[in-house]
Amino acid sequence: MTRRKLCVLLFVFLPLLFAVAPTSSTQEVTSVYPDAYSLYLDLHQNPELSMHETQTAAKLAVQLRKAGYEVTEHVGGTGVVAILRNGSGSTIMLRTELDALPVEEKTGLPYASKVRAKDDSGADVRVMHACGHDLHMASLLGTAEIMARTKKAWHGTLLLIGQPGEEGFDGANTMVRDGLFTRFPKPDAAVALHVANAQPAGMVAITPGVYNANSDSVRITIYGRGGHGSAPNTTIDPIVIAARTVLAFQTIVSREVKPGEMAVLTVGYLRAGTKENIIPDQAEMGLTVRTYKQEIRRQILAAIERIAKAEAAAGAAPREPLVERYFGTDAVYNDPGLAEHLRTPLELALGKTNVVIAPPITASEDFSVYVAQGIPGFYLSLGGADPEKFADAKATGTTLPSNHSPLFAPDVDPALRAGINAEVAVLRDLLNMSPEELRRVTSPPLTQVDDEGRR
Ligand SMILES: [Zn+2]
Ligand SMILES: [Zn+2]
């Protein structure tokens, strides 16, 4: 072959090779990084509270339209849905949250938030992206741009969503109720990531199976009979019944749940009475319950009801206590088949040592709502800690600020680059599988608990 022929061949085939199988994910990320970082800075300095993410959603929508996506706004409140259709194949969803928290930022960063807002009760609060959702949005934008520029490297339908109100666990439900999976294509798999200081920036962690905890909030109203503090014999004192109930609750995890099973039961508030010489006619308490397994969750919720009723009966309460499970969200379940399958593309994109397996965490989040719709889910942990500070903390046995801390400050450059890199690797891999191939990889769906705590 002459040198001229070789040059022609290279000229024709090289760009094709790069378009079909990009070999340098670092270069791809570098090309979109300025857009992603400038969105990060803007969002970090202009955070908005849950279900009020008007400007945040509008900014994300503008950028995604610019990148070539078909964008619908106001889905389930401030939710954003962006679609990129690229021939036949699977539909894969990538989700970011939009909301920030009522936290006063104390990181001292030059771009720290100074925003104040009114919360839903009308109180004046400081607002901060203390959970890192600004980084998730920036990562999603970088990913969106790469996917739009490299359509030859994948096929199918890419569905990107900006979800409002993750912190109050409202947003996923409001989007689903507003037709997320009926007005738009229902995904064959759903993907999300969350930044935290549990790993150094540049790394990701996979947790196959249960990723985080079921969360249940229970309110109990105990009824008594009020009267004068000097004549308790004429009353039924709900404070005494409530105190006994709180103590009896301590035996649920320690005496009833099998040792080794994760279970947390906390009485977070107990309210009763107005004055020292008045016995009130009722007492109220609020509990949070965290579990990994549905059977343990059901066991604890049933024990709470049984003990509350029995203690009220023991105290001769005039009526049964009111036990209300007023809020609950399921644990996020990472499809074990998907988690196993996606380890390889992640290792190829980030390097083998930058992908680790991690145990579940006790926090909760509403990505589980999508999984409950029968969609296999993959929820990835993204390292956010400055690698040097991470090593120091490990050596000295200290901990770095957790999410929701006024000091939470991810090491943006390496974390954001790794986030984009990981998302692109996962999406390309999943999109290049047919729905049938995906079904073969994923595990059978897990039966979820409904709003009443029943299977
Ligand atoms: Zn959070
Ligand atoms: Zn979060």
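In case you missed it, the structure is sitting above this.
Residues numbered from 1 in each chain as written. Chains lettered and ligands numbered in written order. Predicted model: local features only at pLDDT ≥ 70, side-chain atom pairs only at ≥ 80, totals over all residues. Heavy atoms only, no water.

### What about the pairing of strand β14 (residues 282–291)?
In plain terms, the rule: Paired strands, as defined in this entry, are two strands with at least two bridges between them according to DSSP. Strands are runs of DSSP state E lasting at least two residues, helices are runs of H or I lasting at least four, and both sets are numbered from the N terminus onward.
Where strand β10 (residues 214–223) and β14 come together, 10 bridges link them in antiparallel fashion. Bridge pairing in β14 places Tyr223 opposite Gln282. As paired elements, strand β12 (residues 263–272) and β14 share 9 bridges and run antiparallel to each other. Residue pairing in the sheet places Leu270 in a bridge with Met285 of β14.

### Side note on the nonpolar core
Our working rule: In this description, a nonpolar core means a group of buried Ala, Val, Leu, Ile, Met, Phe, Trp, Tyr and Cys residues linked to one another through side-chain atoms lying within 4.5 Å. Under the scheme applied here, a residue whose accessible area is under 20% of the maximum for its type counts as buried, over 50% as exposed, and between as partly exposed, the area being computed with a 1.4 Å probe on protein chains only. In what follows, residue pairs with any heavy atoms lying within 4.5 Å of each other are defined as contacts.
By size, the foremost hydrophobic cluster in this structure holds 65 residues, and its most contacted members are Leu64, Tyr69, Leu158, Leu160, Leu346, Phe378 and Leu430. Counting residues per element, this core draws most heavily on helix α11 (residues 412–431), at 12 residues. Those residues in contact with Leu64 that sit more than four places away from it in its chain are Tyr69, Val71, Ala82, Leu140, Leu141, Ala144 and Leu160. With 26 residues, the next largest nonpolar core counts Ile222, Ile241, Met285 and Ala312 among its residues.

### Some points on the sheet that holds strand β3 (residues 91–97)
What counts here: Axis definition: a line fitted to C-alpha atoms, over the contacting stretch in the case of helices. Angles run 0 to 180 degrees between N-to-C directions.
Strand order in the open sheet made by the 8 strands is β1-β2-β6-β3-β7-β18-β8-β17, with mixed pairing throughout. The sheet terminates laterally at β1 (70–75) and β17 (355–357), the two strands that pair on one side only. The sheet shows a mean angle of 25 degrees between the axes of neighbouring strands, direction not considered. Running at roughly 165 degrees to β1, helix α3 (residues 54–66) makes contact with β1, β2 (79–86), β3 and β6 (156–163) of the sheet.

### Some thoughts on helix α2 (residues 25–45)
The test is simple: For a helix, the expected span equals 1.5 Å multiplied by the number of residues minus one. Each residue is assigned a bend, namely the angle between axes fitted to the seven residues that terminate at it and the seven residues that start at it.
An ideal rise of 1.5 Å per residue puts 30 Å on 21 residues; α2 measures up with 29 Å between its terminal C-alpha atoms. Tyr33 marks the point of greatest bend in α2, at about 50 degrees, and the proline Pro34 comes within the next four residues. Residues of α2 that are buried include every one of Glu28, Val29, Val32, Tyr33, Ala36, Leu39, Tyr40, Leu43 and His44, and no others.

### Remarks on α11
Taking 1.5 Å of rise per residue, 20 residues should cover 28 Å, and α11 covers 28 Å from first to last C-alpha, within 8% of that figure. Across the 20 residues of α11, 16 count as buried, placing the element largely inside the fold.

### Remarks on the packing of aromatic side chains
Where we set the bar: Here a Phe, Tyr or Trp ring, Trp counted by its six-membered ring, pairs with any other such ring whose centre lies within 6.5 Å, and the pair is stacked when the planes are under 30 degrees apart, edge-to-face when over 60, and tilted otherwise. Here, a charge over a ring is recorded when the distance from Lys NZ or Arg CZ to the ring centre is within 6 Å and its angle to the ring normal is within 35 degrees.
Taken as a whole and assessed by the stated rule, the structure comprises 8 aromatic pairs. Both rings, one in Tyr211 and one in Tyr379, keep their centres 4.7 Å apart while their planes meet at 40 degrees; by these two values the pair is tilted. Here Tyr211, found in the loop between β9 (209–210) and β10, pairs with Tyr379, found in strand β18 (residues 377–385); they are 168 residues apart in sequence, far enough to count as distant. By relative accessible area, Tyr211 is classed as buried at 6%. When its relative accessible area of 1% is taken as the criterion, Tyr379 is described as buried. The rings of Phe181, Tyr211, Phe367, Tyr370 and Tyr379 are connected pair by pair, giving a single aromatic cluster. If you follow Arg219 out to its NZ or CZ, it ends over the ring of Tyr326, 4.3 Å from the centre.

### What about the coordination of the zinc ion (ligand 1)?
The condition that has to hold: In this listing, donors mean N, O and S atoms no farther than 2.8 Å from the metal, or 3.2 Å for Na, K and Ca; water is missing from the atoms, so a site can look incomplete. Angle rules define the geometry names used: all angles between 85 and 135 degrees makes four donors tetrahedral, while opposite donors over 155 degrees apart and all other angles between 65 and 115 make four donors square planar and six octahedral, leaving every other case irregular.
Each protein donor to the zinc ion (ligand 1) is listed here as Cys131 (SG), Glu167 (OE), Glu167 (OE) and His404 (NE2); together their distances run 2.0 to 2.7 Å. Geometry at the zinc ion (ligand 1) is irregular, judged from the 4 donor atoms that bind it and their angles of 53 to 150 degrees at the metal. Donor residues for the zinc ion (ligand 1) sit on one chain with the sequence pattern C-x35-E-x236-H. Between the two metal centres, the zinc ion (ligand 1) and the zinc ion (ligand 2), the spacing is 3.1 Å, with Cys131 acting as a shared donor. Of this pair, Cys131 sits in the loop between β5 (124–126) and α4 (133–149) while Glu167 sits in the loop between β6 and α5 (171–177), and the two are 36 residues apart along the sequence. Since its relative accessible area comes to 7%, Cys131 is described here as buried.

### Some remarks on the coordination of the zinc ion (ligand 2)
Within the protein, Cys131 (SG), His133 (NE2) and His194 (NE2) serve as the donor atoms for the zinc ion (ligand 2), at 2.1 to 2.3 Å. Sequence positions of the residues that donate to the zinc ion (ligand 2) give the spacing C-x1-H-x60-H.

### Quick word on the pattern of salt bridges
Should the charged atoms of two oppositely charged side chains come close, the side chains can pair. Selection criterion: Think of a salt bridge as a Lys or Arg side-chain nitrogen and an Asp or Glu carboxyl oxygen that are within 4 Å of each other.
Throughout the structure, instances matching the rule amount to 25 salt bridges. For the salt bridge of Arg126 with Glu104, the shortest nitrogen-to-oxygen distance reads 3.9 Å. Pair noted here: Arg126 is in strand β5 and Glu104 is in the loop between β3 and β4 (116–118), with a separation of 22 residues, a long-range link. Accessibility expressed as a relative area gives 38% for Glu104, which makes it partly exposed.

### Details of the sheet that holds β10
If you walk across this open sheet you meet the 4 strands as β12-β14-β10-β15, and the pairing is antiparallel. Each edge of the open sheet is held by one strand with a lone partner, namely β12 and β15 (322–329). Averaged over all neighbouring strand pairs, the angle between strand axes comes to 15 degrees, with direction disregarded. In the packing of helix α6 (residues 238–256) onto the sheet, the strands contacted are β10, β12 and β14, and the crossing angle to β12 comes to about 175 degrees. Sheet contacts for helix α7 (residues 294–314): β10, β12, β14 and β15; angle to β10, the most-contacted strand, approximately 5 degrees.

### Thoughts on the packing of α2 against α11
Under the convention used in this document: These descriptions rest on fixed angle ranges, namely under 35 degrees for roughly parallel, over 145 for roughly antiparallel, 65 to 115 for roughly perpendicular, and the rest for oblique. Crossing chirality is assigned from the near helix's rotation relative to the far helix, an anticlockwise turn below a right angle marking it left-handed and a clockwise turn marking it right-handed. Each residue gets one of three labels, nonpolar for Ala, Val, Leu, Ile, Met, Phe, Trp, Tyr, Cys and Pro, charged for Asp, Glu, Lys and Arg, and polar for the others, Gly among them.
The N-to-C vectors of α2 and α11 enclose an angle of 120 degrees; their axes lie 9 Å apart at closest approach. Relative to α11, the element α2 is oriented oblique. For α2 against α11, the interelement crossing comes out right-handed. Along its contact with α2, which presents Ser25, Glu28, Val29, Thr30, Val32, Tyr33, Ala36, Tyr37 and Tyr40, the element α11 presents Val412, Asp413, Leu416, Arg417, Ile420, Asn421, Val424 and Arg428. Of the residues that constitute the contact of α2 with α11, the class distribution is 10 nonpolar, 3 polar and 4 charged.

Shape descriptors only; they carry no functional weight alone.
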